[in-house]
Amino acid sequence: MSSPWTVRPETPADIETVRRITLDAFGNPGEADLIDALRADPGWLPGLSHVAETPEGEVVAHALLTRCRVGDAPAVALAPCSVLPAWQRRGAGDAVIRSVLDAARASGERTAIVLGHPPYYPRFGFEPASRFGILAPQEWPDEAFMALGLDPSAGLPSGMVRYAAAFGID
């Protein structure tokens, strides 16, 4: 069965739409402001911010990977991810997350990290990061802080995760 979604890398023309999607999905400006700050961060990874469109061309979902580190090893952090409320639970979020993770694999990334809903992210292969010796930089629920190996031929690094400065996590 083919997906009804067209998923593609974000373009400059999508910036305002992504902001609106994020504001509507989260109900406050925090995540939208974070995306703006991440775009300005030196760790911004061109091509790893994707949107999903309806068959009519309306952009309704967004997912973003940014540079982080696990110990001394480069990794990517999946956040924020958002879907317009009217389009949630229809597969747009799944499609855009799978697309951005596939793009990360294709660009040679080896490890992805996410802090998110424990029932949702395992469908993409994420597991509790602690299983791999990956440590959260703050006190977060073990089941919500997850990691995914993007390269099956390589093991995951271990150590403390350091996020981009825009996250405000020391």
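Here, the structure is the one placed above.
About the thresholds
- Residue positions are given per chain, counting from 1 as you read along its sequence in written order.
- With pLDDT at 70 or above as the cut-off, local features in this predicted model cover only qualifying residues; side-chain atom pairs require 80 or more to be listed or tallied, and sums for whole chains, interfaces and linings still use all residues.
- With hydrogens and water set aside, each side-chain value is computed from the structure's full complement of heavy atoms.
- A simple rule labels every residue: compare its accessible area, found with a 1.4 Å probe on the protein chains alone, to the largest value its type can have, and call it buried under 20%, exposed over 50%, or partly exposed in between.
- The helix and strand labels rest on DSSP assignments: H or I over at least four residues marks a helix, E over at least two residues marks a strand, and numbering proceeds from the N terminus.
- Note: the arc covers the axis-to-C-beta directions of the helix.
- The contact rule is simple, with two residues in contact once any of their heavy atoms fall within 4.5 Å.
- When DSSP finds two or more bridges between a pair of strands, those strands are recorded as paired.

A. Helix α2 (residues 30-40), seen in detail. Inspection of α2 places A32, L34, I35, L38 and R39 among the buried residues, and these make up the whole buried set. Looking straight down α2, one finds its buried side chains confined to an arc of 155°; they lie on one side. Considering only its buried residues, α2 is in contact with α1 (15-26), β3 (59-70) and β4 (73-83).

B. Highlighting the pairing of strand β2 (residues 49-53). Burial analysis of β2 places five of its five residues in the buried class, which makes it a mostly covered element. With burial as the criterion, each face of β2 is covered, one bearing S49, V51 and E53 and the other bearing H50 and A52. Sheet topology note: the strand β1 (residues 6-9)/β2 ladder contains four bridges and is antiparallel. By the bridge assignment for β2, V7 is matched with A52. Two strands pair when backbone bridges link them, and β2 and β3 are joined in this way by five bridges, in the antiparallel orientation.

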